[in-house]
Amino acid sequence: TEVEGVLLRMQAAQPLLRLSFLDPLDAPEVVASSARDFGLAPSELAEGGMLVVASGQRQSLIELLDLAEFGTDDLGVGAISSFVAEEALAAAIAKVSAGETPVVCLTDANGEAVVSSPTYAELERRLIRDGLAVTRIGDARGGVPHECRVVATLAPRVALSADSQRAIAEHVARGGGLFVAAAREEGGATGLELVLAELGLAFASGVVVDPNAEIGQPFTWATSRGHSVDHPVSRAFHDRRTTVWHAPRPVAIASEGGVVAQALVRSSAASTVSSGEPGRSAGATPVAGASSSKVSGARAVVWGAGVGVELSPMSSNMQLLVASLSWASGREQVSTAGDKRPNTVRLVLDARDRVWLFVLCIVLLPVAYLVAGGLLWWRRRRV
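Source: prediction; values computed, not measured.

**Description of the packing of helix α2 (residues 28–38) against helix α5 (residues 119–129)**
Packing of α2 against α5 brings their axes to within 11 Å, and their N-to-C directions diverge by 100 degrees. If you check the angle between α2 and α5, you find them roughly perpendicular. Across from Arg36, Asp37 and Phe38 in α2, the residues of α5 making contact are Glu122, Arg125, Arg126 and Arg129. By residue class, the composition of the contact of α2 with α5 is 1 nonpolar, no polar and 6 charged.

And the structure:
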């Protein structure tokens, strides 16, 4: 009801905004396709509700329960503690209607299997839906085109050449974004280790094994609780979307020298790091991280794995990849209104008030009606 009121006020101010309300029971195909596209369980969307903001091919999904935080009031009764529908809707509308389209440039000459697989078509579709353009740039040894907002290297089987490394380093130095996912081969170099080190990120040795979270295949585990809630890339994934990781390499993270680095996805506390020998206990270990430079403005995201078979529909890796590329391209969340506590009026009655209310409504009012009716009848008899 609160959100519908906001939407109707927005439509009154801007008639070009069209609203359509759907009952999940009447449109199961819409729920199923949205859940698949945005990496959520259909039951979550059907039960919790969702908003889809669309303009042309671009779409942005907002889960209804994300528009409010809940707590208890002074009487211990459940209530909305803060309401952020205006801010979230304004951000979604700005995102799908933005005039600029950031370009994601993929390297595809170093054995990046994803770029040559059927999965690429789905990745391209989702990037376009998110308001991004995508193109391939070979090995980038001739230089990274200036229109590229982010360069992505998706699990290269062969390390990038020295010329490619130099071109990508120049791209990052002028504030460009970078995404690097490691290939499955433990210890295989990407060629971008020095560039990533400048941004506080590195691939450590070994692979992260999480026996408590394995999903039926050796070295393959899933997590929904391991996503950071403090970073815009992974905030919407924690405890609601499941990402899958096959033999991921640990990611080392360091914030120093004007670089702010943070883990995006961690294994559980029961995980170990294996290097072909009995694994050593490692606790919750980062397998994906992100960083930004306060000096150049560059942003980088690294995954220790996750862009192979893990991009299948059974996981939310595809959506996490889109979110990672979107953030690395320099996008910021639009904020036009802060959260607020809804105005609520609550009538509080103590025991004495309830007694007087009972006497008034159950005793005095009926007696008053009987007296008034008797007087009216007596007067008419006299007339």
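**Digging into unusual backbone geometry**
Positive phi is not limited to glycine here, since Ala155 has a value of about 55 degrees. Within the element layout of this structure, Ala155 appears in the loop between β7 (148–154) and α6 (162–173). When its relative accessible area of 12% is taken as the criterion, Ala155 is described as buried. For Phe219, which is not glycine, the phi dihedral falls at a positive 65 degrees. Tracing the chain through its elements places Phe219 in the loop between β10 (207–209) and β11 (220–223). A residue is classified by how much of its surface remains accessible, and Phe219, at 38% relative accessible area, is partly exposed.

**Notes on the sheet that holds strand β6 (residues 133–136)**
Judged by pairing direction, the sheet is mixed, and its 7 strands sit side by side in the order β6-β5-β7-β8-β18-β17-β14 without closing on themselves. Edge strands, defined here as strands with exactly one partner in the open sheet, are β6 and β14 (259–266). Recorded for the sheet is a direction-independent mean angle of 15 degrees between the axes of neighbouring strands. Relative to strand β18 (residues 299–303), strand β8 (residues 177–181) is paired through 5 bridges, and the arrangement is parallel.

Here is what the cut-offs are and how they apply
- Residues numbered from 1 in each chain as written.
- Predicted model: local features only at pLDDT ≥ 70, side-chain atom pairs only at ≥ 80, totals over all residues.
- Heavy atoms only, no water.
- Axes fitted to C-alpha atoms, helices over the stretch in contact; angles between N-to-C directions.
- Helix = DSSP H or I, 4+ residues; strand = E, 2+ residues; numbered from the N terminus.
- Parallel < 35°, antiparallel > 145°, perpendicular 65-115°, else oblique.
- Contact = heavy atoms within 4.5 Å.
- Nonpolar A, V, L, I, M, F, W, Y, C, P; charged D, E, K, R; others polar.
- Buried < 20%, exposed > 50% of the residue type's maximum accessible area, 1.4 Å probe, protein only.
- Pairing = 2+ DSSP bridges.

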